[in-house]
Amino acid sequence: MANGEREVGADAPAGGFVQLLTPDGERVDSVTTPDGTTYSVDFSDDEYRELYRDLVTVRRLDAEATALQRQGELGIWASLLGQEAAQVGSGRALRQQDMAFPTYREHGVLYCRGIDPIMPFGLFRGVDQGGWDPNEFKFNTYTIVIGAQTLHATGYAMGITMDGKTGNADGEAVIAYFGDGATSQGDVNEAFVWSGVFNAPIVFFCQNNQYAISEPLERQTRIPLYRRALGYGFPGVRIDGNDVLASFAVTRAALDQARNGQGPTLIEAYTYRMGAHTSSDDPTRYRIASEVESWKAKDPIARVKAFLTKQQIAGDDFFGDVDEAAKKLALDLRERVLAMPDPQPVTLFDNVYPHGSPEVEAQKAEFERYHASFEGSAS
Amino acid sequence: MSRIKEFTLPDLGEGLTEGEILSWLVKVGDTIELNQPIVEVETAKAAVEIPAKWAGVVTKIFHEAGTTVEVGAPIVAIDTNPGAGDLPEPSAESLAAVEVAPVEGAVEPGLIGGPAPGGRTAVLVGYGPRNTSAKRRPRLGTPPAPPAAAPPPTAPAPVATAASEPVAAAAPSSAPVLAKPPVRKLARDLGVDLTSLAGTGPMGSVTRDDVQQAAAQPVAAGAAPEVFDAGRERRIPVKGVRKLTAENMVASAFTAPHVTEFLTVDVTRTMKALEKIKARPEFREVRVSPLLLVAKAVLLAVKRHPMVNSTWSGGTGEIVVKDYVNLGIAAATERGLIVPNVKDAGRLTLRELAEALNTLVQVARSGKTPPADMAGGTLSITNVGVFGVDTGTPILPPGESAILAFGSVKPTPWVHKDKIKIRQVTTLGLSFDHRIIDGELGSKFLRDIGEFLTDPESALLSWT
């Protein structure tokens, strides 16, 4: 019970975690951690329903993407299945001015930022480089290199402090997403050091989904990941990563700490990747079926549905509507993905320099002539 | 566009070239929905279900289950507008003009992380090594004159003198053979003598292709038997379980130094105990066989000698001793040999163990053993007795350090209480990894299994 007042449930890892909604859909009023912080949420019925809608929608869009990959329409896909609550809770806790640094799996956070979900599909379909304007959406590009974005986020956070954008209740804050495997990277440890020393306004949000591709958590750490924060000089909190309310409450509090100039926080969202690492991976080679089954009982969406039903906040009509709307979005996404144009070879030369370069222009012209020399070339 | 759409096998996992159709979940005439699972396909990376790309009616299935299909080949045709009446005659558009995507980036299939055929290492993520060149459109007859900035036609600068020496027909000589280290390893693995090859690579070096060609040739004339009558030879493609078994056996036989010991024991009492167990009401529903008590003997003997239940972890320089036994049972199935295991078998009661073994064997015979059931075995039994043979010298499943062969139980003249009697006798064969298990430990382990089977009651009483 080191981590809360209530009895630690059977679903909690040793040491406990912040949980505000049990797998059975029971609300826990509040949880106070040993450092005296109390976490809770105070949502209206509408807000609860919208969280549910978010969860179902991001899962449905993800399922469509998985199907598209299996149909040969995407080169690869990194599914978020099982991690919806961690992403939606933290994503909805972000304010407009906050900046997010995702990995390649944060489709749920992207959705919660109000971004058109098609944005990353160019990358996975191989028709663009996965580039977009991070400032436009306050959402950095998907970072494939494991953990690299934590350093970018740290630098960004130090920058907004220098710009005087933090230190009050309406200040800016930064959130960096990464996984359990990334905690073994030098980059992430450097980011912790710098953020700690410079009191950077950043929240490190680690989705511990138990596997770094095939490598289990016990190959990453001998202590719970959230406790590592202490060594870098900032607080660490573990949450039930399958509980959207805990994810929201703790992320909101940590972001507020950051925007008020109180420095970084590490949040370990204890969750599970229900699917494969990516569509190129076969998890049955390194996980046993019983483990997957045990996590099914902790499903992040089923518990919200149970809660809404028990509290009579929503009924079958609402759930049916949500499913239907999500399906419609997914089919629309499918159509638009299939209609994405293939890139022209010469676009290779775009975006090299912001204002062009005579040398690159010459190369581009030469490349165009070369391409025109083939039969069937569009002239 | 035609209303009949043909779905071609996609590359399901970054750089795969083929997949085996495991089973069809639909048949011709079925009405299907978008994203409904239609077929299960196994690639070198995983067995996956493919969801339908279009809603409609299945009009043709191109390949039956069990066929290996190239990426890009059509596998199913779907009428996407079945309400529109009868189909027109099959036209060139719907049949002949099937565009089969060129297979790019062919990668030898293989197990993730394990050696793939050809000596390459299989990859878990990312593209595998590419060993075909891309296809491209032909050039126009007269390309536009290159501008001044264009590079001149490439002519290798005469820098390296070695490159200009005659290389292609380099006769075998005492000079050192040029070959990259992975090629040398491949040659060693395939038993190809590098000095006997004429390299075709840069500077006359021997390439991977040279080695593979040499290995594929049916051996130089004279030394080896020639093909006697090709008409009466059958060639069976090596794939699926056969391929996996071959890879596992080669990997195990040439990494773990195997030692096999034998013990012939009088199992009359075990057979009697078995009859008594069968008569007990709680065992009425389950099949009880001698294998059950052999398994029990192994599990109890492991408790007395935990080191036999371990793995040689060369990568970390450790021996991993396991306090749990995932007991593998070699099973002959229609698809070949598989070794599924009973997880944490040491914790099971005899009744639970009997049930687990029955389920394991039944599932294996039905061909539905999931990969998880085959992973993580720690120690195995192969019941060769069911084929009527006395015993064998089994090869260790990779990662395991001991495997017991259980021979047939036969009435045999045997010295029993100083008289020659007819007793039920069997021969046990235990193979073990000599890197971990010395002769003493292996012998004690085998002896204990024998003791249990000779007198199960007293072994149980004195050991547990």
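Numbers given to residues run from 1 along each chain, matching the order in which its sequence is written. Each chain gets a letter, beginning with A, and each ligand a number, beginning with 1, in the order they are written. Given that the model is predicted, a residue must reach a pLDDT of at least 70 before its local features are reported, and side-chain atom pairs must reach 80 or more before they are shown or counted; all residues, however, enter totals for whole chains, interfaces and linings. The side-chain numbers reported here are obtained from all heavy atoms of the structure, hydrogens and water having been left aside.

Engineer: Can you explain the overall build of chain A? Please cite residues and give values.
Structural biologist: Helix and strand counts for chain A stand at 13 helices and nine strands. Type-normalised accessible area, obtained with a 1.4 Å probe on protein chains alone, sets the label of each residue: buried when under 20%, exposed when over 50%, and partly exposed for intermediate values. Per-residue burial for chain A yields a buried fraction of 53% across its 379 residues. Any pair of residues with heavy atoms lying within 4.5 Å of one another is described as a contacting pair. In chain A, 72% of the contacts between residues at least 6 apart in sequence involve partners at least 24 apart. Of the roughly 16,200 Å² of accessible surface on chain A, 51% is carried by carbon and sulfur atoms. Under the scheme used here, helices are H or I runs from DSSP no shorter than 4 residues and strands are E runs no shorter than 2 residues, and both carry numbers assigned from the N terminus. Each accessible area is a Shrake-Rupley result for a 1.4 Å probe, and residues are judged covered by the shown protein chains and nothing else.

Engineer: Explain the overall build of chain B residue by residue, including any values.
Structural biologist: Per the secondary structure count, chain B includes eleven helices and 19 strands. Across the 464 residues of chain B, 38% fall into the buried class. Across chain B, every contact between residues at least 6 apart in sequence was considered, and the portion connecting residues at least 24 apart equals 61%.

Engineer: Describe the UniProt feature "domain: Peripheral subunit-binding (PSBD)" (unreviewed entry) in chain B, listing the residues and the values that go with them.
Structural biologist: Sequence positions flagged by UniProt for "domain: Peripheral subunit-binding (PSBD)" (unreviewed entry) are, in local numbering, residues 178-215 of chain B. This span, residues 178-215 of chain B, is 47% helix and 0% strand, and a straight line between its end C-alpha atoms measures 18 Å. UniProt positions are given in the numbering used here, feature names are shortened, and annotations may be inferred rather than shown by experiment.

Engineer: Please set out the sheet that holds strand β6 (residues 56-61) of chain B residue by residue, giving values where relevant.
Structural biologist: For sheets, the rule is that strands pair by backbone hydrogen bonds, running either parallel or antiparallel. All names here are of chain B. A pair of strands is labelled paired if DSSP reports no fewer than 2 bridges between them. Taken together, the four strands give an open sheet; going across it, the order is β1-β8-β6-β3, and neighbouring strands pair in antiparallel fashion. Of all the strands in the sheet, just β1 (4-8) and β3 (31-32) have a single pairing partner and so form its edges. Across two bridges, β3 lies against β6 in antiparallel orientation. Looking at β6, one finds that Thr31 is bridged to Val57.

Engineer: Quick rundown of the confidence of the model for chain A? Include the residues and the values.
Structural biologist: Per-residue confidence from the prediction method is given by pLDDT, with values spanning 0 to 100. This prediction gives chain A a mean pLDDT of 93; 96% of its residues lie at or above 70. Every residue in residues 1-8 of chain A is under pLDDT 50, and counting partners more than four places away or in other chains gives 21 contacts.

Engineer: Can you tell me about the pattern of salt bridges, naming the residues and giving the values?
Structural biologist: Any two side chains of opposite charge can pair, given that their charged atoms come close. Residues and elements named next belong to chain B. Throughout this description, the term salt bridge denotes a Lys or Arg side-chain nitrogen within 4 Å of a carboxyl oxygen of Asp or Glu. Applying the stated criterion to the full structure yields 38 salt bridges over all chains. Measuring nitrogen to oxygen at the nearest pair gives 2.5 Å for the salt bridge that ties Glu355 to Arg351. Here Arg351 and Glu355 lie together in helix α8 (residues 350-365), a separation of four residues that amounts to about one turn. Using a relative accessible area of 27% as the deciding quantity, one classes Arg351 as partly exposed.

Engineer: Please set out a nonpolar patch on the surface residue by residue, giving values where relevant.
Structural biologist: A contiguous nonpolar patch, built from Val193, Trp194, Val197 and Phe198 of chain A and spanning about 410 Å² of accessible area, is present on the exposed surface. You can see Trp194 of chain A is positioned in helix α7 (residues 186-198). Patches here: salt-bridge-free residues with over 30% relative accessible area, like charges joined within 9 Å, nonpolar side chains (Val, Leu, Ile, Met, Phe, Trp, Tyr) joined within 5 Å.

Engineer: Please give an account of the interface of chain A and chain B that cites residues and values.
Structural biologist: Facing 34 residues of chain A, the contacting portion of chain B comprises 37 residues. Two parts placed together each lose some accessible area under a 1.4 Å probe, and adding up what both lose gives the buried area. Summed over both partners, the interface of chain A with chain B buries about 2,800 Å², with 55% contributed by carbon and sulfur atoms. Summed over the shared surface of chain A and chain B, the number is one salt bridge. Polar contact is the term for a pair of N or O atoms within 3.5 Å; when the atoms are in protein, one must be able to donate a hydrogen and the other to accept it, and sequence-neighboring residues count only if both atoms are side-chain atoms. Across the chain A-chain B interface, the total number found is eight residue pairs in polar contact (both at pLDDT 80 or more). Elements with a contribution of two residues or more to the side of chain A that touches chain B: α1 (45-70), α12 (316-338) and α13 (358-372) of chain A.

Engineer: Quick rundown of helix α7 (residues 290-304) of chain B? Include the residues and the values.
Structural biologist: Residue and element names in this part refer to chain B. The span expected for a helix works out to 1.5 Å for each residue beyond the first. Taking 1.5 Å of rise per residue, the 15 residues of α7 would be expected to cover 21 Å, and the 22 Å separating its terminal C-alpha atoms lies within 8% of that figure. Among the 15 residues of α7, twelve are classified as buried, and the element is accordingly described as predominantly covered. For α7, the complete set of buried residues consists of Leu291, Leu292, Leu293, Val294, Ala295, Lys296, Ala297, Val298, Leu299, Leu300, Ala301 and Val302.

Engineer: How would you summarise the packing of aromatic side chains if you had to cite specific residues and measurements?
Structural biologist: Residues and elements named next belong to chain A. Note on aromatic pairs: the rings of Phe, Tyr and Trp (six-membered ring only in Trp) are paired at centre separations within 6.5 Å, and the planes decide the class, stacked below 30 degrees, edge-to-face beyond 60, tilted for the rest. Summed over the entire model, instances satisfying the criterion amount to 31 aromatic pairs over all chains. Between Trp77 and Phe124, the aromatic rings sit 4.8 Å apart at their centres with planes inclined by 70°, giving edge-to-face as the arrangement. Pair noted here: Trp77 is in the loop between α1 and α2 (84-93) and Phe124 is in helix α4 (residues 121-125), with a separation of 47 residues, a long-range link. The pair formed by Trp77 and Phe124 is uniform in burial state, with each residue classed as buried. Ring pairs connect the aromatic residues Phe17, Tyr211, Tyr270, Tyr272, Tyr286 and Trp295, which therefore count as one cluster. Over a ring means this: the NZ of a Lys or the CZ of an Arg is within 6 Å of the ring centre and within 35 degrees of the ring normal. The ring of Tyr270 has Arg238 sitting right over it, with the charged end atom 5.5 Å from the ring centre. Note that Lys305 overlies the ring of Phe319, its terminal NZ or CZ placed 5.0 Å from the centroid.

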